[in-house]
Every structure is written in C-alpha cells, then in structure tokens.
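Structure assessment
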Amino acid sequence: MVHKVVELDRCQVTVFQGNYSDYAIKKAQLREAQLKQYYNQQREIRHQEEVIAKLKSFNREKSIKRAESREKMLDKIERLEKPMEENTDIHLNLEPRIVSGNDVLSVKQLKKSYPGQELFSDLTFEIKRGERVALIGDNGTGKTTILKIINDMVEADGGTLTLGTNVHIGYYDQEHQVLHMEKTLVEEISDEYPSLTNTQIRNVLAAFLFTGDEVFKRISDLSGGERGRVSLAKLMLSEANFLILDEPTNHLDITSKEILEQALNRYTGTVLFVSHDRYFINKTATRILNLTGQTLINYIGNYDYYLEKCRELTKVYVPGQQEPAQAQTASAGKMDWKRQKEEQARLRKLENERKKTEDTIEQTEQRIAELEEAFADSEIATNSAKLQELHQEYEEKQRELEILYERWEELM
C-alpha cells in the first residue's frame, strides 16, 4: 500500500521510495553496495601499499619520493567502516528427535473439490527423507488445502495418503490456527510441553524476542509477526522430523527470514512448504512441485532450476516463441566469450610489459650507479671530454628512469 518506507536502524534514518517489496530489494542492494565499496577500498589500499613497498625496494631517491607521495595520498583517504552484520537475535535450531524412514509421504490419486470448484482430481507424488520440497502455484489452486489434508485438518474427497515409518509432523500455519487465542505465551508452550520448567519456557521465548512480562500476553493480543514467532518457537520444541510449513515467511522480518533459511538448510529432517517468496524458495528448496492445471509438475532443484526448465516447457508448448530469444542468448554468449578472451589477452600483455619494465628499471638504475662510481674515478675526473660524455649519458638515464617509473605505475 505504501509509496515510501522510512527505516530506523542503529540510530540512523534511511528513506526508501516504493513499497515494502521495493524496500527489501533496495535494502539488500544497499547492503551489498556498502560491502562492495568497503572491500574495493580495502583492495585499493592493499594495492597502494604494495606499490609503495615496491617503489621503496628500488631504493632510489626518485622512487622513494614517489613512494612518500603515495603514502601521503593514502593517509588522506577517508577509510570506510565495514558495514555491520544484520542482528541475529533469534536463534532457531530445528532438529528431529528420531529419524524417519526413507519414505516420508506417499500421495496417490488425491482428489478435492469445493462447491462449484474442482481443485484437483488425480494428484500423485512422493517425498523422501531429507528433501526440502516447495509447493508452488497460483492462488486458489489448492496448495494450502494439500497441506491441511496431510495434517488431517481437511478431509480429501478421494485418493490415498500414507505417512512413512516413524514420521512425526510439525505444522506451521500462516493463519496460526494451531495457536490457542485465549492462552498466554507461557500457557501455550507449557500446555503443549508439560515437561518443560518455567525457566526453560522463558529461555525459549526469549530466543524469539519475548522477554519480561511479554510472556504473559495473550495470543489474541499479539500481532501477526509475534504469532509467527510463537508458532516457530513451538515448531522448534516439537522435534518433528517432517515439517509442513504454510507461507512461513509471511509475517517475518528480513533478519528472521534469513535465520529460518539457515535453520531449514541445517535441518536433517524433511520439509514440505508452500511459499510465494521466490528468494526463500531458492535458498531452501531442493525440489519444487508446481501445482498448475490441476496437476503437479516435478522439478528437482531450486527456484532458478524451475525457471530454467519452465523456459524449456515454453519452447515445447509454444514453438518458435523462445527460439529468437535463445538465438539471441547464444549470440550474446559467444560475444561474452570473445570479449573475455580479448580481456585475458590484454591483461597478459600488460603483465608482460610490467615485468619487462621492472627489469629495465633495474638495469637503468644499475647503469646510473656505475656512472656515479665513474665520476669518483680520478682518471675520469681529470678527463673533461670523457667526463662530459658520461655526464650526458647520466642525464639521459635519469630521464629514462623517470619515464620508466611513470609507465610502471600506470601498468600497476
């Protein structure tokens, strides 16, 4: 709904134009840009320090002056601070209590209709232990209904659904129907897990940012995000080996999403979730089931893989539409490869020239040192013609050395 987002973070206000989705993208881009600027500056500082050290190693008056000049410039650089990492106050550790069998879920010819609407009539799929399966599709296709059927919250019209050996479900529901609105946070946890002490319950809730008297709030008085955190707390305690998640990131802030992503990626059990969050899917899913046209299409991979295969299907079902784009992509790929090879050749050439320039600098400095020794020779000092000849060569070598230094710095 909004056209502008004002973020208050670490005593600083930043204004982002656009809605929340725009903010999330721009915030990530801003963090990435700040990190990139910081690392680029650090790389440049290290590079300048290497150049300064090399100039000093030449151990000539001119090279030392150049090194000192660069040191002064380096001292004037306004050093950027490394951007702080995002707060990770929520520590979510999901781990199953017991290991399930290899076959976690088997669904055959599943059917479900509502008055005036048939959702699906012949869905068949299986889920194996350790998989993280994302169920995607348009709104109204029946994704949440499938999760509720698996969790015995909705009855199917037909078909069979079989859970494997030692499968224990942990359910996270976007509407938080598994929470009891009349209970306090402490009661919600203690009634579900009576073996926990009051201290243990408080520690769990504190991990999800509920401290002090907040633990005595009623569920009905919590915001959507707070209820989401309570549901995640219960999920953590469940020690289930098959997590069923319905839009788990809907009410979570960016930091909480990242923590959930990390927890799911470390989780050794099995996950089936519905989400419209492409980034979350891409970070967590190992397989995607796309519910479309009352059927499921299976993609073994993350969201990027799904998009790649979708393009292939488009080519099959809409011949000719994708071919020009693919031809253009292939052509662009050839151009990129050609440019890459040209750039590599250019860099090799510059590197060879730099090494040759360093060798020439050393030879020129050596010759200048020889000439300086010759000036001190008593025989040459009394030979005006020879002295003039050597002095002329000395000045030429000094000019050459100046040009060589300039070229070397350019090459560096």
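Structure shown above.
Conventions and cut-offs
Residues numbered from 1 in each chain as written. Predicted model: local features only at pLDDT ≥ 70, side-chain atom pairs only at ≥ 80, totals over all residues. Heavy atoms only, no water. Pairing = 2+ DSSP bridges. Helix = DSSP H or I, 4+ residues; strand = E, 2+ residues; numbered from the N terminus. Axes fitted to C-alpha atoms, helices over the stretch in contact; angles between N-to-C directions. Contact = heavy atoms within 4.5 Å. Salt bridge = Lys/Arg side-chain N within 4 Å of Asp/Glu carboxyl O. Buried < 20%, exposed > 50% of the residue type's maximum accessible area, 1.4 Å probe, protein only. Left-handed = near helix turned anticlockwise from the far one by under 90°. Nonpolar A, V, L, I, M, F, W, Y, C, P; charged D, E, K, R; others polar. Patch = residues over 30% accessible without salt bridge, like charges linked within 9 Å, V, L, I, M, F, W, Y side chains within 5 Å. Areas by Shrake-Rupley, 256 points an atom, 1.4 Å probe, with all protein chains shown as cover. Phe/Tyr/Trp six-rings, centres within 6.5 Å; stacked < 30°, edge-to-face > 60°. Lys NZ or Arg CZ within 6 Å of the ring centre and 35° of its normal. Core = buried A, V, L, I, M, F, W, Y, C linked by side-chain atoms within 4.5 Å. Parallel < 35°, antiparallel > 145°, perpendicular 65-115°, else oblique.

**Focus: the sheet that holds strand S8 (residues 242–246)**
Strand pairing in a sheet takes place through backbone hydrogen bonds and is either antiparallel or parallel in direction. Reading across from one edge, S7-S8-S9-S5-S10-S11 is the order of the six strands in this open sheet, with mixed pairing throughout. The open sheet has two edge strands, strand S7 (169–172) and strand S11 (295–299), and neither has a second partner. Each strand of the sheet is rotated relative to its neighbour by a mean of 15°, with strand direction disregarded. The pairing of strand S5 (residues 132–137) with strand S10 (residues 287–292) spans five bridges and is parallel. Each bridged residue has a counterpart across the sheet, and for glycine 137 the counterpart in S10 is leucine 291. Against the sheet, helix H6 (residues 224–238) engages S7 and S8, with an angle of about 175° to S7.

**Examining the pattern of salt bridges**
Where charged atoms from two side chains of opposite charge come close, those side chains can pair. Tallying each qualifying case throughout the model produces 23 salt bridges. Between lysine 128 and glutamate 126 there is a salt bridge; the shortest N-O distance is 3.6 Å. The class of lysine 128 is partly exposed, set by a relative accessible area of 29%. For glutamate 400, the salt bridge identified is with lysine 397, shortest N-O distance 3.6 Å. Of the two residues, glutamate 400 and lysine 397 both sit in helix H12 (residues 384–411), three residues apart, roughly one turn of that helix. On the basis of relative accessibility, which here comes to 36%, the residue glutamate 400 falls in the partly exposed class. Through salt bridges that share partners, Arg66, Arg70, Glu402, Glu406 and Glu409 make up one connected network.

**Topic: the packing of helix H2 (residues 61–76) against H12**
Direction vectors running N to C along H2 and H12 enclose 35°, while the axes themselves pass 11 Å from each other. Crossing geometry of H2 relative to H12 is assigned as right-handed. Contacts from Lys62, Ser63, Arg66 and Arg70 of H2 reach H12 at Gln398, Glu402, Tyr405, Glu406 and Glu409. Taken together, the residues that form the contact of H2 with H12 break down as one nonpolar, two polar and six charged.

**With respect to a nonpolar patch on the surface**
Residues Val6, Leu8, Val13 and Val15 make up a contiguous nonpolar surface patch of about 410 Å² in total accessible area. For the nonpolar patch, the elements supplying multiple residues, two or more each, are strand S1 (4–9) and strand S2 (12–17). Mapping valine 15 onto the fold places it in strand S2.

**So, unusual backbone geometry**
Even without being a glycine, asparagine 166 presents a positive backbone phi close to 60°. In this structure, asparagine 166 sits in the loop between strand S6 (158–163) and S7. In this structure asparagine 166 comes out as partly exposed when scored by relative accessible area, which is 43%. A positive phi is found at glutamate 247, a non-glycine position, where the angle reads about 50°. You can see glutamate 247 is positioned in the loop between S8 and helix H7 (254–266). Judged by relative accessible area, which is 7%, glutamate 247 ranks as buried.

**Points about the sheet that holds strand S4 (residues 117–128)**
Read from one edge to the other, the open sheet built from three strands follows the order S4-S3-S6, with strand pairing classed as antiparallel. Among the strands making up the open sheet, the edge pair consists of S4 and S6. Put simply, the sheet's adjacent strands are angled 15° from each other on average, direction ignored. Strand direction decides the pairing type here: strand S3 (residues 103–114) and S4, joined by eight bridges, are antiparallel. Its bridge partner being in S4, valine 107 is matched across the sheet by phenylalanine 125.

**A look at the packing of aromatic side chains**
Here the structure, examined in full by the defined rule, presents eight aromatic pairs. Consider the rings of phenylalanine 16 and tyrosine 23, whose centres lie 5.1 Å apart with planes at 85°: the pair is edge-to-face. Taken individually, phenylalanine 16 and tyrosine 23 each receive the classification buried, so the pair is uniform in this respect. With a centroid separation of 4.9 Å and an interplanar angle of 90°, the aromatic rings of tyrosine 299 and tyrosine 306 are classed as edge-to-face. Judged by its relative accessible area of 11%, tyrosine 306 falls in the buried class. Taken together, the ring pairs in this structure connect Phe16, Tyr20 and Tyr23 into an aromatic cluster. The side chain of arginine 229 reaches across the aromatic face of phenylalanine 210, ending 4.6 Å from its centre.

**Thoughts on the side chain of glutamate 226**
Position of glutamate 226 among the secondary structure elements: in helix H6. Residues within four places of glutamate 226 in sequence aside, it is in contact with Phe210 and Lys217.

**Some details on the nonpolar core**
Counting residues in each nonpolar core, the largest one holds 39 residues, and the members touching the most others are Leu205, Leu243, Leu245, Phe273, Ile281 and Ile288. Among the elements that line this core, the one with the most residues is H6, at six residues. In this view, isoleucine 288 contacts Ala134, Ile136, Ile281, Ile297, Asn298, Tyr299, Gly301, Asn302, Tyr303 and Tyr306; residues no more than four positions away in its chain are not counted. By size, the runner-up hydrophobic cluster in this structure holds 24 residues, among which are Phe125, Leu147, Tyr171 and Leu272.

**Re the packing of helix H1 (residues 20–58) against H12**
Following both chains from N to C, one finds H1 and H12 inclined at 155°, their axes separated by 12 Å at the closest point. Here H1 lies roughly antiparallel to H12, going by the angle between them. Handedness of the crossing formed by H1 with H12: right-handed. Together, Val51, Lys54, Leu55 and Phe58 of H1 and Tyr405, Trp408 and Glu409 of H12 make up the contact between the two elements. Tallied by class, residues from the contact of H1 with H12 come to five nonpolar, no polar and two charged.

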